[in-house]
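What follows is the residue order along each chain.
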Amino acid sequence: MDAESFGLFLEQLRRYVRERLVPAEEEVIALDRVPDDILGEMREMGLFAITTPPEYGGAGMTTSQYIETIEELSWAAPAYRATISINVGMTAAALKNAGTEAQKAEWLPRVAAGEIACFALTEPDSGSDSAALRTRAVRDGETYVLNGSKRYITNAPIAKFALVMARTSAQNLPSNGHVSAFLVPTELPGVSLGKPDKKMGQSGALIGDIVLEDVRVPAANLLGGVEGTGFKAAMQSLDNGRLSVAAAATGYAKRMLDAALRYATERKAFGEPIANFQLIQAMLADSRADIYAADCMIRDATARADAGERVSTEAACAKMFASEMCGRVADRGVQIFGGAGYLREYAAERFFRDARVYRIYEGTTQIQQLVIAKAMLRDFAAR
Ligand code: COS
């Protein structure tokens, strides 16, 4: 997207987030989902199409633009980003990186039109060790028969299709070549979508199970048309997804800090606003510096991605730092709110619960450490 159009888009989004999405947060919490009228507006604004190339009906944003959009959106409750990010981040990335021309032509416009997608990698018995998945895909003529179950899948309860990672070989193969990815419409016989799980926070961001029982998927839906490319496709999508989580955590941290700053100027103790006290100022300043550091990492990583560099390490660093940072900002927010920070009535308590999962999903902090250290050791050995 050209810089001028992007600037206008971002300005329009900022207004929409503050005037429409933030006031609707209570409704999202009460319903535990993003209301249909808002989803419709988000589709109309083209939010599901931001990363799809123009030839497939999208806006064709660069990685930097897409991640800046996510950060802007993440000023509001996390459910809004969660709903679109699987489409624009994970699924669109997998299709662009690994899909055949025919798959791109069929599925990218559907992603862009806002048909809700989900990304089904994690299973009840494999999470961080994603290559240990058990879901099987067995070729039978012109179809694959899929059996298995997936867990903690964002958007699963409302998804129209899923990108399902499954093993096409009973044995583990080198480079995790036993993993393949399939585009699975959820209306196919044998697909069951679980009820939304009850969670600590992030109301309205739906996660649930997917159970696959003898699901016959056309062989044409094997991503890339070649078995064994699913792990790499999933990891590439995760690089993208981790940048999105970094931006989500940073956008939300800005919202939290704004609330804390406002409260500190209004709340009085010892006869004056608590913002006058240096110990409160220290917490505000630490949060400001934390957010700035995360923003710098995100800007650098996305600029590198746009220059064609592989950014697995930078995405892992940004995701790890930003999600941990968001936890610190949320914690300081509760501290600044004091007693009010512990009450449901005030937003600081909700922010604190919402922030926790950023350190877990799209790869825990410990997985990011592994990814970063593995690359360091590999590069060192190659010196
Ligand atoms: N981009 C391109 N290729 C990648 C890649 C990436 N980001 N990450 C891995 N690969 C490739 C590797 O290059 C390797 O291929 P070669 O052997 O040909 O070099 C292959 O994929 C296997 O990679 P690796 O050996 O690193 O796989 P491991 O089984 O050791 O797994 C971890 C690595 C643990 C880091 C991985 O399983 C992981 O990220 N787990 C967490 C999953 C996760 O984040 N889940 C969250 C929810 S999913 S939405």
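Residues numbered from 1 in each chain as written. Predicted model: local features only at pLDDT ≥ 70, side-chain atom pairs only at ≥ 80, totals over all residues. Heavy atoms only, no water.

Contact geometry of helix α1 (residues 3–21) with helix α4 (residues 63–73) gives a least axis separation of 9 Å together with a crossing angle of 20°. In terms of axis orientation, α1 runs roughly parallel to α4. Between α1 and α4 lies a crossing whose hand is right-handed. The residues of α4 that touch α1, namely those facing F6, F9, L10, L13, R14, V17, R18 and L21, are Q65, E68, T69, E72 and L73. Tallied by class, residues from the contact of α1 with α4 come to 7 nonpolar, 2 polar and 4 charged. (Axes fitted to C-alpha atoms, helices over the stretch in contact; angles between N-to-C directions. Helix = DSSP H or I, 4+ residues; strand = E, 2+ residues; numbered from the N terminus. Parallel < 35°, antiparallel > 145°, perpendicular 65-115°, else oblique. Left-handed = near helix turned anticlockwise from the far one by under 90°. Contact = heavy atoms within 4.5 Å. Nonpolar A, V, L, I, M, F, W, Y, C, P; charged D, E, K, R; others polar.)

The environment of the ligand is formed by 23 residues, the closest being S128, S175, D239, R242 and K374. One of the side-chain nitrogen or oxygen atoms of N176 is found 3.0 Å away from an oxygen atom of the ligand. K374 places a polar side-chain atom, nitrogen or oxygen, 2.8 Å from an oxygen atom of the ligand. Listing elements by their share of the shell around the ligand, those giving two or more residues are α7 (230–266) and α11 (365–381). Sorting elements by how many residues they give to the shell around the ligand places α7 first, with 7 residues. Class assignment of the residues belonging to the shell around the ligand gives a composition of 8 nonpolar, 9 polar and 6 charged. Per-domain counts for the shell around the ligand show at least three residues from each of domain 2 (118–226) and domain 3 (232–381). (Near = heavy atom within 4 Å. Polar contact = N/O pair within 3.5 Å; in protein donor to acceptor, adjacent residues only side chain to side chain. Domains from an automatic or database assignment.)

A few words now on the side chain of T143. Summarising the element assignment, T143 is placed in strand β3 (residues 143–154). Residue class for T143 comes out buried when judged on its relative accessible area of 19%. The contacts of T143, once residues within four sequence positions are left out, are V138, R216, V217, P218 and A219. (Buried < 20%, exposed > 50% of the residue type's maximum accessible area, 1.4 Å probe, protein only.)

A word on the environment of L193. Inspection of the secondary structure puts L193 in strand β6 (residues 191–193). Look at L193 and you get partly exposed, because its relative accessible area is 32%. Along the sequence, L193 and L212 sit 19 residues apart, while their C-alpha atoms lie 9.0 Å from each other. Among residues more than four places away in sequence, those in contact with L193 are A156, P157, A159, T186, D209 and I210.

Let us now look at the domain arrangement of the protein. Domain boundaries assigned for the protein yield domain 1 (3–115), domain 2 (118–226) and domain 3 (232–381). Taken over C-alpha atoms, the centre of domain 2 sits 30 Å from the centre of domain 3. Facing 10 residues of domain 2, the contacting portion of domain 3 comprises 13 residues. Where domain 2 touches domain 3, the interface holds 0 salt bridges. Run the count over domain 2 and domain 3 and you get 4 residue pairs in polar contact (both at pLDDT 80 or more). Split into classes, the residues belonging to the side of domain 2 that touches domain 3 amount to 5 nonpolar, 5 polar and no charged. (Salt bridge = Lys/Arg side-chain N within 4 Å of Asp/Glu carboxyl O.)

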